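Commentary on secondary and tertiary structure
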Amino acid sequence: MVWIIVGIVVVLIIIVAAMYNGLVRLNQQADEAWSDITVQLKRRLDLIPNLVNTVKGYATHEKIVFEDVTKARAQVVSAQGPADTAKAENQFEQTLKSLFAVAEAYPQLKASDSFQKLQDELTDTEDKIMASRRFYNGVVRDFNTKRKVFPTNIFANMLGFKQDKEYFELDEAENAAAEKPVNVQF
């Protein structure tokens, strides 16, 4: 009888340890994925001043566009957490569209090697950001699901996993704004 009780306790300890380890693993993956996003965002933010300076050389009278890009870049730099960063990112992407719309008006700029190279690097970085976002959101989904399914949901709070992770996503108003074309007037 004692061996049966000891056996049940050992099995329960193994199950709880497996749940805990799974939650820790997913939590660490989510943190790593968020770090990957911030690395790519920093890379893009580092490219922007070069891009702005290149465009400035051709379009000196488009001062407001350059100021908007600079302000949006500063908001992304100071953003905290996935929700705040996503909001700042949406604004930043809109201002970048304005910058590229300005560039469209200057054929000699579009033909410039330095502008083309910067644009290619920015496109590559955007692709990496999208991939990092997808990976992060996938890990967050797995973590949040694991936290909520039985029997893990019983032990998750006791094991210190009290909150779901935030997804890095657009809200509906920002999503609708991101799908609209940018209106640039000369």
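Right above here is the structure, for reference.
Now for a look at the structure at hand.

Ile48, Leu51, Val55, Phe92, Leu99, Phe115 and Leu122 are the most contacted members of the largest nonpolar core, which has 24 residues in total. When residues of this core are traced back to their parent elements, those giving at least two are helix 1 (2-58), helix 2 (63-78), helix 3 (81-104) and helix 5 (113-148). For this core, the element with the highest residue contribution is helix 3, accounting for seven residues. Residue contacts for leucine 99: discarding those within four places in its chain leaves Leu51, Val52, Val55, Val65, Phe66 and Val69.

Turning to the pattern of salt bridges, a few remarks are in order. Within this structure, the stated rule accounts for twelve salt bridges. Between aspartate 164 and lysine 148 there is a salt bridge, with its nearest N and O atoms 2.8 Å apart. Here lysine 148 lies in helix 5 and aspartate 164 lies in the loop between helix 6 (152-156) and helix 7 (172-179), a separation of 16 residues in the sequence. Among the residues examined, aspartate 164 registers a relative accessible area of 32% and is labelled partly exposed. Connected through salt bridges with shared partners, the residues Arg44, Glu89, Glu93, Glu126 and Arg133 form a single ionic network.

Rules and cut-offs
- Residues numbered from 1 in each chain as written.
- Predicted model: local features only at pLDDT ≥ 70, side-chain atom pairs only at ≥ 80, totals over all residues.
- Heavy atoms only, no water.
- Core = buried A, V, L, I, M, F, W, Y, C linked by side-chain atoms within 4.5 Å.
- Buried < 20%, exposed > 50% of the residue type's maximum accessible area, 1.4 Å probe, protein only.
- Helix = DSSP H or I, 4+ residues; strand = E, 2+ residues; numbered from the N terminus.
- Contact = heavy atoms within 4.5 Å.
- Salt bridge = Lys/Arg side-chain N within 4 Å of Asp/Glu carboxyl O.

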